Amino acid sequence: MGLLPSRENKLSQTILDGLPFLQDVPKSTLKLLENDMAHFSVPGGQQLFAAGAPADAIYFVISGSLGAFTPKSDGRSEFLGHIRTGEPVGEIALVAGENHQNDVYTLRDTELVRLTRQGFMKLIKSNPGLLERLTRVLLLRLRKSRRKQPRRAEPRVFALMATSPTIDVDLRAKALAKELENLSFKVKIVDESDADKDSRYFDDLEARHDIVIFKTAIGDSNWFRMSLRYADRIWILARADAHPSSPLMPDDESPTRQFKLVDIILLHHGNSRIGAEPAKWRDAAKASRIFHWDGLNDDDCKRLARVMAGRSVGLVMSGGGARAYASIGAVRALREAKCPIDLVGGTSMGAVVAACVASGWSDDEIDRRIRKAFVESNPLADYTLPVVGLVKGHRVDGRLAEHFGDINIESLEIPFYAVSTNLTHGAVRIHTEGLLRQALRASIALPGILPPIVDGEQVLVDGGVLNNFPSDVMRELHRGKIIGVDVAQADRGLNPQDFVNPPGFFRWTMKHGFSAAPPIAALLMRAATVSVDPKDGSQYTDVLITPDIEDTELRDWKAYDDIVERGYIATKKALTQLNGPIARTLITST
Ligand SMILES: Nc1ncnc2c1ncn2[C@@H]1O[C@@H]2COP(=O)(O)O[C@H]2[C@H]1O
């Protein structure tokens, strides 16, 4: 049993009165059990007991929370469920007469009452009704864990942690609280002056507010460690012009770590991103996401508040060659409706459009750059005698370098991902870091047309081969809403006539010239993506936009204006059909 370090407290009648489970038990019976009971406080992140340990007691949660985990053969743990205030834990082994089946860890600082096995037996002999109540809890847990649970509970307690004394964490917490209040969230900010409070105090604060923010500096203080233990989610505030110390945070190997999603909030001053090292900060903090906060920029602050509130909006764009131009129209319509776009991602040409949005470009800038890169001359026209692809890819490389330069994904204004297919391992590759143009180049490398990208031992090709509409990836990234633009649900546009008595290479080229893609391009595109279910990914979206582009070819790069317009119209239509809370979250122009 891993109860140390823990504190044993005096068991009082008030504590027992607070336990709904024992409410019907006469006080005289409880008095007889006094020697079998103990009242403990256990810090967050400690093991209460391990799977396989003998069941010598049952526990009741007074305050705080615990998690049950199944140890896996690969050393990791699978989360089964929460055990919250008022509930029993360890009851299964006691009732079944065997050892504990799962590991149980405190997820927060937790107070418990421990009742020995002998005491428990005496108790149910005198109060058989308790067994019925226990059975109900047991069945409920079983049913809940059979349902597919979200891996993480809704975070309500955030720790804002400053990495430097020059960061005004108070100012930041207040700015976030103000935006959260504008979203009708009740917020409480707590600081070091509450360091002497116990878990019941914080449980109560949490019950009375939607979000509790702990503000602290990273350091060797009691309050810092308390914030770490209480927080559902940790936001590390770092100056973009500073270097992280390593390690940034104390090591915490308990499985509760998987609940503590850590994010880096990089603070920029003077709007300059030059020299910033977001990836270093992310690695030092083992963070999963990076957000940027320029100066005291309102838009960035609003975005962060939406992320805290679970009201952020992620935009996902599918691949589909020239059809993905429709996503440009969709972005325009979303911006006109003042719909926030807080995270973006996509596959293939969808990833290219997503990268434009993540770069912070206006509609006009996106229009100008995409026209220049894809419409005014065909980037796929450097045909070659195929060895690894129909085209050499130099033109595409040049265009990507011209427009996206050497920027890394983690420096983009808003969180971004592109999806490619790792042919070596037959797996999806999600690009959330590294050189943006390299990720885009991999994401659009349709096998047979563009040469693949080689990354170490891995051969990367178009993400559309395995995941053409990566809304599942967005679901993992945030809790908010997902808008998806899927241009591949329409028929894939193969013209059977192209394949009846096809002409020779020279005859075809004389007729169509060098800038049009030969039918083999369409054939390869279709072959690479034929096994992907066109409806894949729809289930993760809150708003699904499927522009009417059946009659448009995937390689019709010249049909830009028409396709953009169709994306715009389809998105406007989808937005006008929204009503209720989702309309209020997405359309903020009214
Ligand atoms: N799905 C679940 N949700 C919450 N608690 C659980 C779940 N499964 C098991 N537990 C608790 O974890 C404990 C592990 O030890 P026991 O098997 O004795 O009793 C178990 C329950 O108290």
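Only a predicted model underlies this, so the values are computations on that prediction, with no experimental measurement involved.

> Could you give me a rundown of the nonpolar core, with the residues and numbers involved?
Counting 74 residues, the largest nonpolar core has Tyr-325, Val-344 and Phe-416 as the members making the most contacts within it. If you tally residues by element for this core, the top one is helix 12 (residues 349-358), at nine residues. For Val-344, the contacting residues outside a window of four places in its chain are Leu-315, Met-317, Ala-354, Val-357, Ala-358, Ile-414, Pro-415, Phe-416, Tyr-417 and Met-474. Counting residues in each nonpolar core, the second largest holds 29 residues, with Ala-159, Leu-228, Ile-236 and Ala-285 among its members.

> Residues and numbers for the pattern of salt bridges, please.
Where charged atoms from two side chains of opposite charge approach closely, those side chains can pair. Applying the stated rule across the entire model yields 38 salt bridges. The closest approach of N and O atoms between Arg-239 and Asp-241, which form a salt bridge, is 2.9 Å. Here the salt bridges share partners, and the residues they tie into one network are Asp-170, Lys-174, Asp-191 and Lys-215.

> Which residues make up the domain arrangement of the protein, and what values go with them?
One widely used convention gives an interface's size as the accessible area the parts lose upon coming together. Parsing the protein into structural domains produces domain 1 (7-146), domain 2 (157-309) and domain 3 (313-586). Here the C-alpha centre of domain 3 lies 52 Å away from the C-alpha centre of domain 1.

> Can you lay out the UniProt feature "domain: Cyclic nucleotide-binding" (unreviewed entry) in the protein for me, pointing to particular residues and giving the numbers?
Residues annotated by UniProt as "domain: Cyclic nucleotide-binding" (unreviewed entry) correspond here to residues 21-141. Strand forms 36% of residues 21-141 and helix 29%; the C-alpha atoms that close the span are 16 Å apart.

> Give a detailed account of the site of the ligand, specifying residues and quantitative values.
Near the ligand there are 17 residues, and of these Gly-90, Glu-91, Ala-93, His-100 and Gln-101 occur at the shortest range. Contacts to the ligand include Glu-91, whose side-chain N or O atom sits 2.7 Å from an oxygen atom. In the complex, the protein chains occlude 96% of the 460 Å² of accessible area that the ligand would expose alone. Broken down by element, the shell around the ligand gets its largest block of residues, four residues, from strand 6 (residues 77-84). Grouping the constituent residues of the shell around the ligand by class yields eight nonpolar, seven polar and two charged.

> Could you give me a rundown of helix 19 (residues 560-576), with the residues and numbers involved?
Taking 1.5 Å per residue as the helical rise, helix 19 with its 17 residues ought to reach 24 Å, and the 25 Å between its terminal C-alpha atoms agrees with that figure. Along helix 19, the residues classified as buried are Tyr-560, Ile-563, Val-564, Arg-566, Gly-567, Tyr-568, Ala-570, Thr-571, Ala-574 and Leu-575.

> Any chance you could break down the sheet that holds strand 13 (residues 233-239) for me, citing the residues and the numbers?
Spatially, the six strands line up as an open sheet ordered 11-12-10-13-14-15, and their pairing is parallel. Every interior strand has two partners, whereas the edge strands, strand 11 (187-190) and strand 15 (289-294), have only one. In this sheet, adjacent strand axes meet at a mean angle of 25 degrees when their direction is disregarded. The pairing of strand 14 (residues 261-268) with strand 15 spans six bridges and is classified as parallel.

Procedures and definitions
- Every chain begins its residue count from 1, and numbering advances along the sequence as written.
- A pLDDT threshold of at least 70 governs which residues receive local features in this predicted model, and a stricter bar of 80 or more applies before side-chain atom pairs are shown or counted, although totals over entire chains, interfaces and linings include all residues.
- Derived side-chain values reflect all non-hydrogen atoms in the structure, with water molecules and hydrogen atoms excluded from consideration.
- Each nonpolar core is a collection of buried residues, namely Ala, Val, Leu, Ile, Met, Phe, Trp, Tyr and Cys, held together in the definition by side-chain atoms within 4.5 Å.
- The buried label applies to any residue whose accessible area, calculated with a 1.4 Å probe on protein chains only, is under 20% of its type's maximum; exposed applies above 50%, and partly exposed to all values in between.
- Think of it this way: any DSSP run of H or I at least four residues long counts as a helix, any run of E at least two long counts as a strand, and we number them from the N terminus.
- The contact criterion used throughout is that any non-hydrogen atoms of two residues lie within 4.5 Å.
- One speaks of a salt bridge when a side-chain nitrogen belonging to Lys or Arg is within 4 Å of a carboxyl oxygen belonging to Asp or Glu.
- Annotation comment: domain bounds sourced from an automatic or database domain assignment.
- UniProt positions are given in the numbering used here, feature names are shortened, and annotations may be inferred rather than shown by experiment.
- Any residue with a non-hydrogen atom lying within 4 Å of a molecule or strand is treated as near it.
- Polar contacts, as used here, are pairs of N or O atoms within 3.5 Å; protein pairs need one atom able to donate a hydrogen and one able to accept it. Residues neighboring in sequence count only if both atoms are side-chain atoms.
- Using the Shrake-Rupley algorithm and a 1.4 Å probe, accessible areas are obtained, with residue cover drawn only from the displayed protein chains.
- Think of it as three bins: nonpolar holds Ala, Val, Leu, Ile, Met, Phe, Trp, Tyr, Cys and Pro, charged holds Asp, Glu, Lys and Arg, and polar takes everything else, Gly as well.
- To estimate the expected span of a helix, subtract one from its residue number and multiply by 1.5 Å.
- At least two bridges found by DSSP between two strands is the condition for calling them paired.
- Axis geometry follows a simple rule: fit a line to the C-alpha atoms, using only the stretch in contact for helices, then measure angles between N-to-C directions, giving values from 0 to 180 degrees.

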